[in-house]
Each structure stands twice: as structure tokens, then as C-alpha cells.
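# Breakdown of the fold
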Amino acid sequence: NGAHGHLIMITRAVAEQALPSLIGMAVDITSDLDDHDSKKKIGVISQADITGNDLRISGYLYAADFPDEVANIQKKKNDLGFSYEVKKVWIEDVGAKIWVPRSLVFTGAAILLKDSAAYQNTSIAASSDKEIEMKYEELAAKIDAVRDDLKNISVKTGVGITTEEVKT
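Thresholds applied
Residues numbered from 1 in each chain as written. Predicted model: local features only at pLDDT ≥ 70, side-chain atom pairs only at ≥ 80, totals over all residues. Heavy atoms only, no water. Helix = DSSP H or I, 4+ residues; strand = E, 2+ residues; numbered from the N terminus. Buried < 20%, exposed > 50% of the residue type's maximum accessible area, 1.4 Å probe, protein only. Contact = heavy atoms within 4.5 Å. Areas by Shrake-Rupley, 256 points an atom, 1.4 Å probe, with all protein chains shown as cover. Pairing = 2+ DSSP bridges. Axes fitted to C-alpha atoms, helices over the stretch in contact; angles between N-to-C directions. pLDDT = per-residue confidence, 0-100. Patch = residues over 30% accessible without salt bridge, like charges linked within 9 Å, V, L, I, M, F, W, Y side chains within 5 Å. Salt bridge = Lys/Arg side-chain N within 4 Å of Asp/Glu carboxyl O. Core = buried A, V, L, I, M, F, W, Y, C linked by side-chain atoms within 4.5 Å.

### Digging into the overall build of the chain
Regarding its fold elements, the chain presents three helices and seven strands. The linear arrangement of helices and strands in the chain, starting from the amino end, is β-α-β-β-β-α-β-β-β-α. Burial analysis of the chain (168 residues in total) assigns 26% to the buried set. Summarising the internal contacts of the chain: among those between residues at least 6 apart in sequence, 60% fall at separations of at least 24. When the accessible surface of the chain is split by element, carbon and sulfur atoms take 53% of a total near 11300 Å².

Right under this line is the structure:
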């Protein structure tokens, strides 16, 4: 969709130069998932790299502060993508149909419906804390089983190991 009716092509060299500016930048959202809203920051970018021709970001969404929005993102993740936010953009030929920045600074990203995003082939992979919670629950069950085994060993051998000495 571009900016001001112009398509934008960011070269690899410009993307590589600007990549560090993504770290720590916010991810924002609108209720309709169709625009940017720099005042509704629901996450942060913690990593950015270039793999092949893809600029990839990862980070965290503030699920505790925005539970409805994050649930909606997880529900609609196949229909969502990203648009970037920039400042200090140097476009040499502003009259060109396709703008090719010579330099830029990333200031964040917005989660949008793909048809509202600047680049409609972007995608989002939203995983939930439930996966982490399940792994924690499995681990907690294994720790409990080890504690039970230690109790049995202690009883059978008379060795004085107590469950308080088993730290988790």
C-alpha cells in the first residue's frame, strides 16, 4: 500500500543499516486492525534480523495489559501482518512512483490486517503463554514425582534427605 500513494522499496543495504534501530521499538495496534496507533503500544521488538530477503522481527506482546487484543491477534494471526514505522527517511526522488530510501530509522511496527499493511505478504506468528504454562506444569509434575521418589528412598534406606532440601 505504501505511503502517500507511493510504493516503497527498502534495499538490503538500507535495511541492514537501519536494523539496530528496531530493537526496543514498540508494536502498536488499532481496534479495527487497519491502521497505526502510536499511542496504543501493546508490545516491544526485542530481535531483528535479515534472513534471505526477509526482515524478521520478534518480541513480546503485553498480554497481561491487553488480554483482549492479544487474544484477537492469536485468533486472527493468519490474516495479520506488519507495517513498519520510520522517521528520518531520505528519499532522493520524491516524484518517483516507487520511493527508494537512501536511509531511514525504524521507530516501530504496527500489527494490521494484511490488506491494510504496506507489504501484504508479511505474516505474524503469535504463540501463547499457554504453551509455556503447559511445559511448566509438566516440569512441576516431574519435580513432584522426583520428590516422591526421594521420600521413598529416604524411608527405605533411612538416609535423612528431606523434601525441604530439594530445591526447585
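### Here's the deal with the sheet that holds strand β2 (residues 26–28)
For sheets, the rule is that strands pair by backbone hydrogen bonds, running either parallel or antiparallel. Judged by pairing direction, the sheet is mixed, and its five strands sit side by side in the order β4-β3-β2-β7-β5 without closing on themselves. Two strands bound the open sheet, and with one partner strand each, they are β4 (54–61) and β5 (80–91). The average angle at which neighbouring strand axes cross in this sheet is 40°, direction not considered. Where β2 and strand β3 (residues 41–51) come together, three bridges link them in antiparallel fashion. Bridge pairing in β3 places D28 opposite K41.

### Some remarks on the confidence of the model for the chain
Averaged over all residues, the pLDDT of the chain is 80; the fraction at 70 or higher stands at 80%. Element-level pLDDT for the chain is lowest in helix α3 (residues 129–157), with a mean of 63, against a maximum mean of 94 in helix α1 (residues 12–18). Confidence drops under pLDDT 50 across residues 161–168; counting only partners more than four residues distant or on other chains, this segment forms eight contacts.

### Digging into a nonpolar patch on the surface
Together, L7, M9, I98 and V100 give the surface a local cluster of nonpolar side chains, amounting to about 330 Å² of exposed area. On the basis of relative accessible area, M9 is assigned to the partly exposed category, the value being 44%.

### Topic: unusual backbone geometry
Even without being a glycine, L33 presents a positive backbone phi close to 55°. Tracing the backbone shows L33 in the loop between β2 and β3. Unlike most non-glycine residues, K88 shows phi in positive territory, near 50°. Among the secondary structure elements, K88 is positioned in strand β5. Residue classification places K88 among the exposed positions, given a relative accessible area of 63%.

### So, the environment of L22
Structurally, the position occupied by L22 is in the loop between α1 and β2. Judged by relative accessible area, L22 falls into the buried class, the value being 2%. C-alpha separation for the pair L22 and I57, spaced 35 residues apart in sequence, amounts to 8.2 Å.

### Here we look at the nonpolar core
Counting residues in each nonpolar core, the largest one holds 19 residues, and the members touching the most others are L22, I73, L80, F82, I111 and I124. Counting only elements with at least two residues in this core, the list comes to α1, β3, β5 and β7 (101–113). The element best represented in this core is β7, accounting for four residues. What L80 contacts, discounting residues up to four positions off in sequence, is L33, I73, I111, L112, L113, K114, T122, S123 and I124.

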